[in-house]
Amino acid sequence: MDFKELQKFIKLEDRRIKRYFNGLEDKDKRILARTVKLSEEVGELAAEVLAHHNWQRQEKLDRRANEDLGHEVADVIITTFLLADTLEIDIEKSLREKMKKINLRYRDKGKKNKP
Ligand SMILES: [Mg+2]
């Protein structure tokens, strides 16, 4: 899968969500709802990581839906992309800029550490 395929899916999912949920035609409401949804998805990922390592009580492990860890990571990514799209952020550009910034951070750190 490439970046364009993911972005195409995000646009499609955005249209489906707007159609499915009444009241989410309003952009500000979608921004708020997606920010809250992202928190929910991060929580699900955290729970899955705990379960994956058997770091939860047995009662919780027994009730576990056995979701795939990768699917929970994907939920976080998809929800993040939906939020970015609603905020009209050029996520591809932002990611490139951020990766460059991070790479520079390590490059500069490397120089400082040299004798
Ligand atoms: Mg999830």
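*Asks:* What is the right way to look at the overall build of the protein chain in this model?
*Replies:* For the protein chain, the helix and strand inventory stands at five helices and zero strands. When the elements of the protein chain are put in sequence order from the N terminus, they spell out α-α-α-α-α. At 19 Å, the protein chain has a C-alpha radius of gyration far larger than the 13 Å of a compact globule built from 115 residues. Along the longest, intermediate and shortest principal axes, the C-alpha atoms of the protein chain span 60 × 40 × 25 Å. For the protein chain, with 115 residues in total, the buried portion stands at 9%. Long-range pairs, those at least 24 residues apart, make up 67% of the contacts in the protein chain with a sequence separation of at least 6.

*Asks:* Any chance you could explain the confidence of the model for the protein chain here in plain terms?
*Replies:* A low pLDDT score tells you not to read the predicted coordinates there in detail. Of all residues in the protein chain, 94% attain a pLDDT of 70 or more, and the chain-wide mean is 91. Mean pLDDT across the elements of the protein chain ranges from a minimum in helix α3 (residues 58–63), with 87, to a maximum in helix α4 (residues 69–86), with 97.

*Asks:* How should the packing of helix α2 (residues 27–52) against α4 be read in this particular structure?
*Replies:* In helix packing, the relevant descriptors are the interaxial angle and the interaxial distance, both defined with respect to the helix axes. In contact at an axis separation of 9 Å, α2 and α4 are set at 165° when each is read in the N-to-C sense. As the angle between them shows, α2 and α4 are arranged roughly antiparallel. The handedness of the crossing between α2 and α4 comes out as left-handed.

*Asks:* Can you walk me through α4 in this structure?
*Replies:* Since there are 3.6 residues in each turn of an α-helix, residues three or four apart along the chain are aligned in direction. Relative to the 26 Å expected for 18 residues at 1.5 Å per residue, α4 spans 26 Å between its end C-alpha atoms, a close match to the ideal helical length. Just downstream of α4 lies Glu-88, where phi reads positive at about 60°.

*Asks:* Would you mind showing me how to read the packing of helix α1 (residues 3–20) against α4 here?
*Replies:* Where α1 contacts α4, the two axes come as close as 10 Å, and the packing angle between them is 75°. Of the possible angle classes, the one that applies to α1 and α4 is roughly perpendicular. Residues Leu-6, Ile-10, Glu-13 and Asp-14 of α1 form the contact with α4, whose own contacting residues are Phe-81, Leu-82 and Asp-85. Among the residues making up the contact of α1 with α4, the classes are represented as four nonpolar, no polar and three charged.

*Asks:* Explanation requested: the environment of Asp-68 in the structure shown.
*Replies:* With respect to the helices and strands, the residue Asp-68 is situated in the loop between α3 and α4. Given 10 C-beta atoms within a 10 Å radius, Asp-68 is considered exposed.

*Asks:* Got a minute to help me understand unusual backbone geometry in this structure?
*Replies:* One non-glycine residue, Asn-54, adopts positive backbone phi at about 55°. Within the secondary structure, Asn-54 sits in the loop between α2 and α3. In this structure, Glu-88 is a non-glycine residue whose phi angle is positive, near 60°. By secondary structure assignment, the location of Glu-88 is in the loop between α4 and α5 (91–113).

*Asks:* How do you make sense of the environment of Leu-24 when you look at a structure like this?
*Replies:* Turning to its location among the elements, Leu-24 is positioned in the loop between α1 and α2. Apart from residues lying up to four places away in sequence, Leu-24 is in contact with Ile-17, Lys-18, Lys-29, Arg-30 and Ala-33.

The rules behind each value
- Residues numbered from 1 in each chain as written.
- Predicted model: local features only at pLDDT ≥ 70, side-chain atom pairs only at ≥ 80, totals over all residues.
- Helix = DSSP H or I, 4+ residues; strand = E, 2+ residues; numbered from the N terminus.
- Rg over C-alpha atoms; globule rule 2.2 N^0.38 Å.
- Buried ≥ 20, exposed ≤ 12 C-beta atoms within 10 Å, placed from the backbone.
- Contact = placed C-beta atoms within 7 Å.
- pLDDT = per-residue confidence, 0-100.
- Axes fitted to C-alpha atoms, helices over the stretch in contact; angles between N-to-C directions.
- Parallel < 35°, antiparallel > 145°, perpendicular 65-115°, else oblique.
- Left-handed = near helix turned anticlockwise from the far one by under 90°.
- Expected span 1.5 Å × (residues − 1).
- Nonpolar A, V, L, I, M, F, W, Y, C, P; charged D, E, K, R; others polar.

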